[in-house]
Amino acid sequence: MTNSIHDMGGMHGFGPVEAEANEPVFHEPWEGRVLAMQRAMGFTRLWTIDGGRASIENLPPLIYLAASYYEKWFRGLERRVVAHGLVGDDEIAAGRSLRPGIRLNRKMTAEDAKAARSASFERPAPGPARFVEGERVRTVNINPTTHTRLPRYARGKTGTVEAIRGCHVFPDSAAIGAGDNPQWLYTVVFSARELWGDEADPTVTLSIEAFEPYLAPA
Amino acid sequence: MAADDHHPHDHDHASELSEMQLRVRALETILTEKGYVEPAALDQIVENVETKIGPHIGARIVARAWVDPEFKRRLLADATAAVNSLVGFDPVASHLIAVENTPRLHHIVVCTLCSCYPWSVLGLPPVWYKSAPYRSRAVIDPKGVLAEFGVSLPPETEIRIWDSTAETRFLVLPMRPAGTEGWSEEQLAALVTRDSMVGTGLATSPTETAR
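Draft legend 1. Local environment of the packing of helix H2 (residues 49-57) of chain A against helix H4 (residues 69-83) of chain A. Residues and elements named next belong to chain A. The geometry of H2 relative to H4 is characterised by a closest axis approach of 8 Å and an angle of 110° between their N-to-C directions. If you check the angle between H2 and H4, you find them roughly perpendicular. Packed against H2, whose contacting residues are Gly52, Ser55 and Ile56, the element H4 presents Lys72, Trp73, Gly76, Arg79 and Arg80 at the interface. By residue class, the composition of the contact of H2 with H4 is two nonpolar, three polar and three charged.

Draft legend 2. Region of interest: the interface of chain B and chain A. The interface is formed by 71 residues belonging to chain B together with 71 residues belonging to chain A. Counting residues per element, the ones that place at least two in the side of chain B that touches chain A are helix H1 (14-33), helix H2 (39-52), helix H7 (127-130), helix H8 (132-137), helix H9 (142-148) and strand E3 (158-163) of chain B. Among the elements that take part in the side of chain B that touches chain A, H1 of chain B stands out by supplying 12 residues, more than any other. When grouped by side-chain class, the residues that make up the side of chain B that touches chain A number 38 nonpolar, 17 polar and 16 charged. Bridge count between strand E4 (residues 204-211) of chain A and E3 of chain B: five bridges; the pairing is parallel. Each bridged residue has a counterpart across the sheet, and for Val204 of chain A the counterpart in E3 of chain B is Ile159 of chain B.

Draft legend 3. Local environment of the pairing of strand E1 (residues 136-139) of chain A. Residue and element names in this part refer to chain A. Here E1 shows a clear split, with Val137 and Thr139 buried on one side and none of Arg136 and Arg138 buried on the other. Note that E1 and strand E2 (residues 158-168) share three bridges and pair antiparallel. The residue of E2 that forms the bridge with Arg138 is Thr158. Pairing between E1 and strand E5 (residues 215-217): three bridges, direction antiparallel. Its bridge partner lying in E5, Arg138 is registered against Ala216.

Draft legend 4. Local environment of the pairing of E3 of chain B. Pairing of strand E2 (residues 105-110) of chain B with E3 of chain B, which is carried by six bridges, proceeds in the parallel orientation. Its bridge partner lying in E3 of chain B, Leu105 of chain B is registered against Glu158 of chain B.

Draft legend 5. The nonpolar core, seen in detail. Of all hydrophobic cores here, the largest spans 109 residues; its most connected members are Met37 and Ala40 of chain A together with Val62, Leu96 and Leu171 of chain B. Apart from residues no more than four positions distant in its own chain, Met37 of chain A is found in contact with Leu77 of chain A together with Leu27, Glu28, Leu31, Val37 and Leu42 of chain B.

Draft legend 6. Structural detail: the confidence of the model for chain B. Residue and element names in this part refer to chain B. Taken residue by residue, chain B gives an average pLDDT of 91. The fraction at 70 or more is 91%. Segment residues 1-11 is flagged for pLDDT under 50; beyond a separation of four residues in sequence, or across chains, it makes 25 contacts in the model. The ipTM assigned to the predicted complex is 0.95, against a pTM of 0.93.

Draft legend 7. Here's a closer look at the environment of Pro213 of chain A. All names here are of chain A. Note on placement: Pro213 falls in the loop between E4 and E5. In this structure Pro213 comes out as partly exposed when scored by C-beta crowding, with 17 C-beta atoms within 10 Å. Sequence separation between Pro213 and Phe121 is 92 residues; the distance between their C-alpha atoms is 17 Å.

Draft legend 8. Region of the structure containing helix H1 (residues 29-43) of chain A. All names here are of chain A. Helix length check: H1, at 15 residues, gives a terminal C-alpha distance of 22 Å against a target of 21 Å (1.5 Å per residue), a fit within 8%. The buried fraction of H1 amounts to 11 of the 15 residues, a majority that puts the element mostly inside the structure. Along H1, the positions that sit buried rather than exposed are Trp30, Glu31, Gly32, Arg33, Val34, Leu35, Ala36, Met37, Arg39, Ala40 and Met41. Immediately beyond the C-terminal end of H1, within one or two residues, lies Arg45, with a positive phi of roughly 60°.

Draft legend 9. Representation of the domain arrangement of chain A. Domain boundaries in chain A define domain 1 (29-115) and domain 2 (136-217). Counted by class, the side of domain 1 of chain A that touches domain 2 of chain A contains one nonpolar, two polar and three charged residues.

Draft legend 10. Representation of the packing of H1 of chain A against H2 of chain B. It is the contact of H1 of chain A with H2 of chain B, at a shortest axis distance of 9 Å, that shows an interaxial angle of 115°. The angle between H1 of chain A and H2 of chain B places the two elements in the roughly perpendicular class. Crossing handedness for the pair H1 of chain A and H2 of chain B: right-handed. Contacts from Gly32, Arg33, Leu35, Ala36, Met37, Arg39 and Ala40 of chain A in H1 of chain A reach Ala41, Leu42, Ile45, Val46 and Val49 of chain B in H2 of chain B. A class-by-class count of the residues in the contact of H1 of chain A with H2 of chain B yields nine nonpolar, one polar and two charged.

What counts and what doesn't
- Residues numbered from 1 in each chain as written.
- Chains lettered and ligands numbered in written order.
- Predicted model: local features only at pLDDT ≥ 70, side-chain atom pairs only at ≥ 80, totals over all residues.
- Axes fitted to C-alpha atoms, helices over the stretch in contact; angles between N-to-C directions.
- Helix = DSSP H or I, 4+ residues; strand = E, 2+ residues; numbered from the N terminus.
- Parallel < 35°, antiparallel > 145°, perpendicular 65-115°, else oblique.
- Contact = placed C-beta atoms within 7 Å.
- Nonpolar A, V, L, I, M, F, W, Y, C, P; charged D, E, K, R; others polar.
- Pairing = 2+ DSSP bridges.
- Buried ≥ 20, exposed ≤ 12 C-beta atoms within 10 Å, placed from the backbone.
- Core = buried A, V, L, I, M, F, W, Y, C linked by C-beta atoms within 7 Å.
- pLDDT = per-residue confidence, 0-100.
- Expected span 1.5 Å × (residues − 1).
- Domains from an automatic or database assignment.
- Left-handed = near helix turned anticlockwise from the far one by under 90°.

Here it is as structure tokens:
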């Protein structure tokens, strides 16, 4: 889902930002286990990072807002292992395995974890970039029911291409199992007034990282 | 009250937490028994994020940029390549982008859609970075957010928000505090706070540390 509660930019009513002094990496040990399971299951390549994001965005809004960060991760992961047929609902309910697992092509070992190489999402370009630095562009107005990385506040807005960041996996495709579908990625800058109206602070600008399908010539 | 994340003073939900502990332990048991994960790999991942990565890495990069103009030039041109050329650093993620704060322009990084953050140089993001108040307001009320962090900028300083909507990651290069001429890289790194590298803070000034 796209227009769901995770797309928070510009919303009012959440109150002040509260920073915690000397915050620990994890507040509870289970948070670290959730992060680790998320990473280890991501290593199997059964789904993409965007598919993972989508499963969190698709949580019911009241749960999304009420759950802590790692609880959201946990719920997303639980949904994903069931949706991919790795674990049965009956096993989740029982709290233990009831039958052998299916064979995976990749399983993370402690040695893999130690090497901890982060993935690159850059891909060979299928063609030349459509836009150049300094070009005026307008973001498209899209409202897909599947995953996208174009925030609502930046749809249908006019900005300027500041940089071309290479060609990358397109999240909108990768999240739904439609492959990498590599697209050029641009940093596009908008004035706060373009995004938020004439009352906005004229000394503020904002950029998004926009994939080429999000952009049209202005 | 922000409901997006537990704040420390919310941690009296004892029954809720023990329920999470039980559910997480159950899932780990299931995944392990079915042969999908190795507990030793999970232990190693937790150890990595608790001990290997963190803002101390970013602080060393910033301090190096403050004392070495050629490194700073390369950092701003291609942060991934510049950092990976340094001896004694683990490779950082691809597509790291460094942006420089100046008296004219102040950068702030946010991820409105989730929690994208430059793990390899700053470690895991703090709770506030992932919270609804920060994600919703950094883009529409950056000065109000800065004020909550105790930061007020001169009126002539423009603000630029970076919404991390792809796999590019951003590191803010804060301004070097006055009164640090001749300081060693190690001394300078101690002035570089995590928040100064996200843009919600400034590097600590020597007069502050003396207090």
